[in-house]
Structure formats: structure tokens, C-alpha cells
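The residues making up each chain are set out below.
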Amino acid sequence: MSTTDAVTFWDGVHAARPAAGAPQPNARLTETVTGLGLAPGDALDLGCGAGGDALWLAGQGWQVTAVDISAVAVERLATLAHAHGVGERVTAMTYDLHESFPPGAFDLISAHYLQTPCELDRAAALRSAAHAVRPGGRLLVVDHGSAAPWSWQQDPDTRYPSPQEVAAGIGLAPETWAAERADAPRRIATGPDGRTAEVTDHVLLVRRTA
């Protein structure tokens, strides 16, 4: 699928969903940031989607760069950031991670559900993310471990790599990185139409030590 097709696909996905006045942040992000007591710094949200994570981080005092291939998603986030009074702390940009990676160095890089039917070298994108983490900072990768009923992905043959496989694909050097979490917890998720279902997340959290 070409870049043009990818933009069309994801613009269509986001346009079909109602614009939320206050999109909710992902549970694995909030539990990580609050559980570790992370001090606000610079954060990068890869595949920001509806913008719940970026808005929540900005509300906690983080300076957030949020990127997505969908202009529909990015424009909605920019509007919401100003409406919620955090416009100065959120930079929302349209970005194709298959082509390039956002510049800068960050204390937290979050990639939630960066899974797509479109062309994307995910391992390369996550390696670029790792290189952009400052010493002492963290890379949080949360993937689908199962498909919710409302997901665009309903292929029963889909295989969901484990957090350990994701880490191996990134190729994190043990002398530079420390794994803080690699598990597959379950939770009750709520879809865009209000339906709920039990889903599995694959969670990888690593800290750059040097």
C-alpha cells in the first residue's frame, strides 16, 4: 500500500469516528507515567490518533510532539489542544514514519498500537525512536495482543508479536537499555461506539541507561 493509499486509509478511519470532545488516554500510558512518578519533560507520541495520550501528557506538564500519518487526526488534535488550554504544550504534525522520523531528543517516547495494514518498517521506526530517547528516558511500546470487535483488523490469522519479540526486533543493546516491563495484561476496552470488550495488550517498557 503506497503512502497515498495509507493516508487515504487512515483519514477514512478517523473521519468515520466521531470527534471526541475529550478523548481518553491509553491506560498503559497513564499507569506507566503515574506509576513510575515520571517528571514532565519532552514526550513524543507516535501515531497519536485521536490525541488522548498527547492531551493527557500535556495536562500533566509534558511538552508533547504528536505525529500521525492522518491529517484528519492531527487537525482534530491541534483543535482540541487549544480548546483544552494546552495548545502551547502540544505540537501536532502529519508524519509518515515509513519515510522519515521526527527530529529531536525526548524523555519519553510512546508508541501505542503502531500497527497498520499499510507499508511501514515498524522495527526501523522503533529503532529510530530508541535513538531519540535521552539517557534516563523511556521507550514505551504497546501493541494489540488481540483484536477488539471494532478494530479495523479482523483477520483471524493475524499474529501478534510478543513484547520480547518486539524488543529483539529493535535490537536494544543490554549495556545501554534496561527492560522495565515486558508482559501481556488484559483489560476491558471501550470502543468508539461505546461497546466494551476484553482485550490483551503487549507492553514493552525500556529505559535508556547510557
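This one's a predicted model, so the numbers in the text were calculated from it and none came from an experiment.

What counts, and where the lines are drawn
- Residues numbered from 1 in each chain as written.
- Predicted model: local features only at pLDDT ≥ 70, side-chain atom pairs only at ≥ 80, totals over all residues.
- Heavy atoms only, no water.
- Helix = DSSP H or I, 4+ residues; strand = E, 2+ residues; numbered from the N terminus.
- Rg over C-alpha atoms; globule rule 2.2 N^0.38 Å.
- Buried < 20%, exposed > 50% of the residue type's maximum accessible area, 1.4 Å probe, protein only.
- Contact = heavy atoms within 4.5 Å.
- Areas by Shrake-Rupley, 256 points an atom, 1.4 Å probe, with all protein chains shown as cover.
- Phe/Tyr/Trp six-rings, centres within 6.5 Å; stacked < 30°, edge-to-face > 60°.
- Pairing = 2+ DSSP bridges.
- Right-handed = clockwise from strand over helix to strand, strands pointing away.
- Salt bridge = Lys/Arg side-chain N within 4 Å of Asp/Glu carboxyl O.
- Arc of directions from axis to C-beta.
- Axes fitted to C-alpha atoms, helices over the stretch in contact; angles between N-to-C directions.
- Parallel < 35°, antiparallel > 145°, perpendicular 65-115°, else oblique.
- Nonpolar A, V, L, I, M, F, W, Y, C, P; charged D, E, K, R; others polar.
- Left-handed = near helix turned anticlockwise from the far one by under 90°.

If you tally the helices and strands in the chain, you get six helices and eight strands. In terms of overall size, the chain behaves like a compact globule, its C-alpha atoms giving a radius of gyration of 16 Å where 210 residues would be expected to give roughly 17 Å. On the principal axes, the C-alpha backbone points of the chain span a range of 45 × 45 × 35 Å. Residues counted as buried form 47% of the 210 residues belonging to the chain. The contacts of the chain with a sequence gap of at least 6 include a subset with a gap of at least 24, amounting to 71%. Surface accessibility of the chain: about 9,800 Å² in total, with carbon and sulfur atoms responsible for 51%.

Attention shifts here to the packing of aromatic side chains. Applying the stated criterion to the full structure yields one aromatic pair. Ring centres of Phe9 and Trp10 lie 5.0 Å apart, and the angle between their planes is 90°; this geometry places the pair in the edge-to-face category. The class of Phe9 is partly exposed, set by a relative accessible area of 25%.

Moving on, we come to the pairing of strand β3 (residues 90-94). As paired strands, strand β2 (residues 63-68) and β3 are joined by five bridges and run parallel to one another. The residue of β3 that forms the bridge with Thr65 is Thr91. For the crossover that starts at β2, traverses helix α4 (residues 71-83) and ends in the parallel β3, the hand is right-handed.

Quick look at the pattern of salt bridges now. A full pass over the atoms with the stated rule returns 12 salt bridges. A salt bridge links Arg186 to Glu198; the nearest nitrogen and oxygen atoms lie 3.7 Å apart. Here Arg186, found in strand β7 (residues 186-190), pairs with Glu198, found in strand β8 (residues 196-208); they are 12 residues apart in sequence, far enough to count as distant. Judged by relative accessible area, which is 52%, Glu198 ranks as exposed. For the salt bridge of Asp201 with Arg187, the shortest nitrogen-to-oxygen distance reads 2.5 Å. Pair noted here: Asp201 is in strand β8 and Arg187 is in strand β7, with a separation of 14 residues, a long-range link. A single salt-bridge network, built from bridges that share partners, covers Arg28, Glu31, Arg181, Asp183, Arg187 and Asp201.

This part covers helix α6 (residues 163-170). For α6, the complete set of buried residues consists of Pro163, Val166 and Ile170. Along α6, the residues classed as buried sweep out an arc of 60° about the axis, all on the same side. Close packing links the buried residues of α6 with α5 (122-131), β5 (133-144), β6 (177-183) and β8. Phi turns positive, to about 75°, at Gly171, one or two residues after α6.

On to the packing of α5 against α6. Where α5 meets α6, the axes come as close as 8 Å, and the angle between the chain directions of the two elements is 75°. By the angle between their directions, the pair α5 and α6 is classed as roughly perpendicular. Residue-level inspection shows Arg122, Ala123, Leu126, Arg127 and Ala130 of α5 in contact with α6, the latter providing Val166, Gly169 and Ile170. A class-by-class count of the residues in the contact of α5 with α6 yields five nonpolar, one polar and two charged.

Here Tyr113, not a glycine, exhibits a phi torsion of approximately 55°, which is positive. The residue Tyr113 is located in the loop between β4 (106-112) and α5 in this model.

With respect to burial, helix α3 (residues 52-59) is a largely interior element, seven of its eight residues being buried. Restricting attention to buried positions, one finds in α3 the residues Gly52, Asp53, Ala54, Leu55, Trp56, Leu57 and Ala58. Turning to α3, the residues buried within the fold contact α2 (27-36), β1 (42-46), β2, α4, β3 and β4. Two residues or fewer after α3 comes Gly61, characterised by a positive phi angle close to 105°.

Contact pair α2 / α3: the axes reach a minimum separation of 10 Å and the direction vectors enclose 20°. Taken together, the axis directions place α2 and α3 in an arrangement best described as roughly parallel. Relative to α3, the crossing made by α2 is right-handed. For the pair α2 and α3, contact is made by Leu29, Thr30, Val33 and Thr34 and by Asp53, Trp56 and Leu57, respectively. The residue inventory of the contact of α2 with α3, partitioned by class, reads four nonpolar, two polar and one charged.

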